[in-house]
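A structural walkthrough
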Amino acid sequence: MLNKQEQDIFLEILCSALWEREPNLSLFRGEWTWHNIVAAFDEHALLGVVANTILGLPADHLPDAQLQQFMMMKVANMMQTHLQHNSAIATVFAEFEAAGCSPVLLKGQGLATLYPKGCVRANGDVDVYVGTACYEVAKQIICTHADEDVAKHAIENEIERHFKITTTDGIKFEVHRNAGEAANLLYNNVYLRTAAKCLLPENTATATLKLPEGEVVVRVPDMRCNVWHNLNHLVGHFGGEGIGLRQFCDWLLLVRQFTQQATDEDYQQLRQALKQIGMLHAWQVLGGILVHQLQFPAKDFPFYSEKLAQKSQGLVLQEVMSGGNFRFQSRERSSIPVPHGLRRIIRVAHNLHRTSKPLAVISDFYPYVYICHSWMTGIRCHCERIVKKIRNNAPVN
């Protein structure tokens, strides 16, 4: 955990990288160590984003040679992995389109193009939306890119209706029938209808991905939809396994793109969409982290409320800073085998205990909605598994 001085330096370096400016060297004083700061960037999956900023500091402010070498090695690996992901996306998208599908690249890899140097944004799963009509065809196509045994045991998420598989190249794809679920269950049907409309081919935008040789153009959500779709994804993960600052950096760049290109009508439609999916309050509270920690100008942030933004500066900020990227660095792992059903109960209970107070800041009723959402989707999935096994004449566990 960073001390106050280390956190200030950490955020100054990050903002310098995001806004492409020189860091304020007067902050580099007091009790701090490069080891803690570099480790924090690594935990938040932001080391690639800030590496050039750190390595460009004056000689008397640089980390030691060992840490510099560590950063350069991590960045080189990220750049190679980024190109591998883009190549796999180009191949799979071409096959989907040949089968009559209109795939849309969601979230991570499509957002990388918004960064000053997108090839050093840490890679995750490749999320591809294909819609209901092409879902089964897309599943068959993506399975041809995986080993037979892997394809046979690939995971289909029965809650969010997506198919997850790892290709022979080690790249994880998620093929989505739906765009996901609303972070606030009360608005789920409205969210699904709104998102499906936004992801129709005629309503999407394009992004250019760099390949080892050349480029490829793919469909991505239009920035007017992407800006609230990404917020919904952020809040959903906040109430589950947790999030780190990388997710806020993605959202910041989307909001910045929106403010640079949007018309007055776009602002009105954004406010309406946020109200329809129950996310306006969360937008204004979490916007405090973009303004106060990531230096987004308050006058430019849509629908900014200083009163609500201040609510993010306590428990919410503490939760974001403490866990790293999706809390991977802070998850407790047990060597004791636990049945799947019990493991889900334990995970839900742990997440509720950890996030109920900060979630109450984001939305007064959200923790209770999350309880219902977690348990009801769990019951629904269990029933669907039983029905599927009965239809396949398989034993029911």
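Preceding this section is the structure that the text describes.
Presented here is a report on the structure given in the accompanying data block.

1. Some details on the nonpolar core
Within the largest apolar cluster, 75 residues are counted, with the highest numbers of intra-cluster contacts made by F41, W228, L245, F248, W251 and W283. Broken down by element, this core gets its largest block of residues, nine residues, from helix 10 (residues 245-261). The contact partners of W283, leaving out residues within four places of it in the chain, are V227, L231, W251, V255, L270, L274, F301, P302 and F303. The next biggest cluster of nonpolar side chains, apart from the first, holds 29 residues, and it includes I142, F163, V175 and V218.

2. Some points on unusual backbone geometry
For residues besides glycine, phi is generally negative; the peptide bonds are generally trans as well. In this structure, A45 takes a positive phi of about 55° despite not being glycine. Looking at the secondary structure, you find A45 in the loop between helix 2 (34-43) and helix 3 (47-55). Even without a glycine there, the phi angle at Q295 is positive, about 60°. On the secondary structure map, Q295 appears in the loop between helix 12 (280-292) and helix 13 (306-309). Taking the relative accessible area as the measure of exposure, Q295 reaches 35% and is therefore partly exposed.

3. Comments concerning the state of the cysteines
In a disulfide, the sulfur atoms of two cysteines are held together by a covalent bond. In this structure the tally under the stated criterion is one disulfide. Disulfide pairing places C198 opposite C225 at an S-S distance of 2.2 Å. Handedness here is read from the sign of the S-S torsion; for C198 and C225, about -70°, the answer is left-handed. Within this pair, whereas C198 is found in helix 8 (residues 188-198), its partner C225 is found in helix 9 (residues 223-238), the two being separated by 27 residues in sequence. Per residue, the accessibility class of C198 equals that of C225, and both read buried.

Rules and cut-offs
- Residues numbered from 1 in each chain as written.
- Predicted model: local features only at pLDDT ≥ 70, side-chain atom pairs only at ≥ 80, totals over all residues.
- Heavy atoms only, no water.
- Core = buried A, V, L, I, M, F, W, Y, C linked by side-chain atoms within 4.5 Å.
- Buried < 20%, exposed > 50% of the residue type's maximum accessible area, 1.4 Å probe, protein only.
- Helix = DSSP H or I, 4+ residues; strand = E, 2+ residues; numbered from the N terminus.
- Contact = heavy atoms within 4.5 Å.
- Disulfide = S-S within 2.5 Å.

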